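Coordinate inspection notes
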Amino acid sequence: MNGRRVIVIDQTIREGMQYRGLMFSLDERLKILEFQESLGVDISQSAYPPAHEREAFKIRQMCRETETRGYNIHVAPLSRALIADVKQMAEYGLTNFHLHTAVTEDMLKRQRIEQIFTSLEETIRFIRSNVKGASIEVSMLDIGKTDLNILEKSAEYLIDILKIDILSLPDTSGVMCPNQFFDRIKYISRFTKGKKTVISVHCHNDLGMATGNTIMGVIAGAGAMGVGALGIGERNGIGDLFITGKCLKEQGFGLNLETENIDLFRKYYEYVDELCFKKTGINLL
């Protein structure tokens, strides 16, 4: 366990946009990105461009600022697994592509697994042909409610055939307990042994267990985690950036995240809290 590398994906901007009444301006996103860079975050999952042309514009500006300022952090919006979506992102200079897709039991009854992923495979082929050094994450919805047989078949195909870089297994509905989440992540992680693909975990806080589930998911074998400042996010939120990072570093995992920089973390959290109060009248901190 000690020294195992964990990629930190800060989803404050994207998940914060799903929090009730909260919208981030471009300047606010750039300020949050500045905090993330200073704290050693690896990837900023920053928007959902297919939602609106303004979202796509803000992502383009964030990419430009990241390059101008010489940041190490990567900007990675979440998008549909469609060539039209990723083509636009590639034109902005993105190298990290986070795609989402879903497989159901009914789909498996009607189609072979390779047929289900035809569109995704075409999109991945397009990225690799047009973007040098691209990293591709695919999110499978929803580990808490998806049949294990579907997860197993999908994971094997994505890892062995499509050879994606990151397979995200989120507890989207927030229904799992830490021991359940641990068991499922450990089971799927066995397919990544000796492969380049790493598992990423993203947990929602409907039962108040998002942070605990995230930590247990990493202990179970995940090599990346999607979390946020103050755990801000859709419905009751997601795992907390600082707490997950601190707990994992204390157990010997290798994170670039500077959890020792308490003063800067406090400023980051106070800034997000201030934005939330200004826009919604609610304090989170």
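Relevant structure appears above.
Note that the structure is a prediction, hence the values are computed from the model and not measured. (Residues numbered from 1 in each chain as written. Predicted model: local features only at pLDDT ≥ 70, side-chain atom pairs only at ≥ 80, totals over all residues. Heavy atoms only, no water.)

Taken as a whole, this structure holds zero disulfides when the rule is applied. In this model cysteine 203 remains outside any disulfide bridge; the closest cysteine sulfur is found in cysteine 177, 12 Å from its own. The buried category is assigned to cysteine 203, whose relative accessible area is 0%. Cysteine cysteine 247 remains unbridged, with the sulfur of cysteine 203 as its closest cysteine sulfur at 14 Å. Looking at cysteine 247, the relative accessible area reads 27%, which means it is partly exposed. (Disulfide = S-S within 2.5 Å. Buried < 20%, exposed > 50% of the residue type's maximum accessible area, 1.4 Å probe, protein only.)

Attention now goes to the pattern of salt bridges. With the rule as written, the count across this model stands at 17 salt bridges. When the shortest N-O distance is used, the salt bridge between arginine 112 and glutamate 114 registers 2.7 Å. Given a relative accessible area of 32%, glutamate 114 falls into the partly exposed group. Look at the salt bridges and you will find they share partners, linking Glu28, Lys278 and Lys279 into a network. (Salt bridge = Lys/Arg side-chain N within 4 Å of Asp/Glu carboxyl O.)

What follows concerns the pairing of strand β7 (residues 166-171). Of all six residues making up β7, six are buried, and the element is well covered by its neighbours. Where burial is concerned, the two faces of β7 agree: the one with Ile166, Ser168 and Pro170 and the one with Leu167, Leu169 and Asp171 are both buried. Bridge count between strand β6 (residues 135-140) and β7: three bridges; the pairing is parallel. Residue pairing in the sheet places serine 139 in a bridge with serine 168 of β7. Where β7 meets strand β8 (residues 198-203), six bridges bridge the pair, whose relative direction is parallel. Paired with isoleucine 166 across the bridge in β8 is valine 198. In this region the chain leaves β7, passes through helix α9 (residues 178-189) and returns to the parallel neighbour β8; the handedness of that crossover is right-handed. (Helix = DSSP H or I, 4+ residues; strand = E, 2+ residues; numbered from the N terminus. Pairing = 2+ DSSP bridges. Right-handed = clockwise from strand over helix to strand, strands pointing away.)

Any functional reading would require information that these geometric values do not contain.
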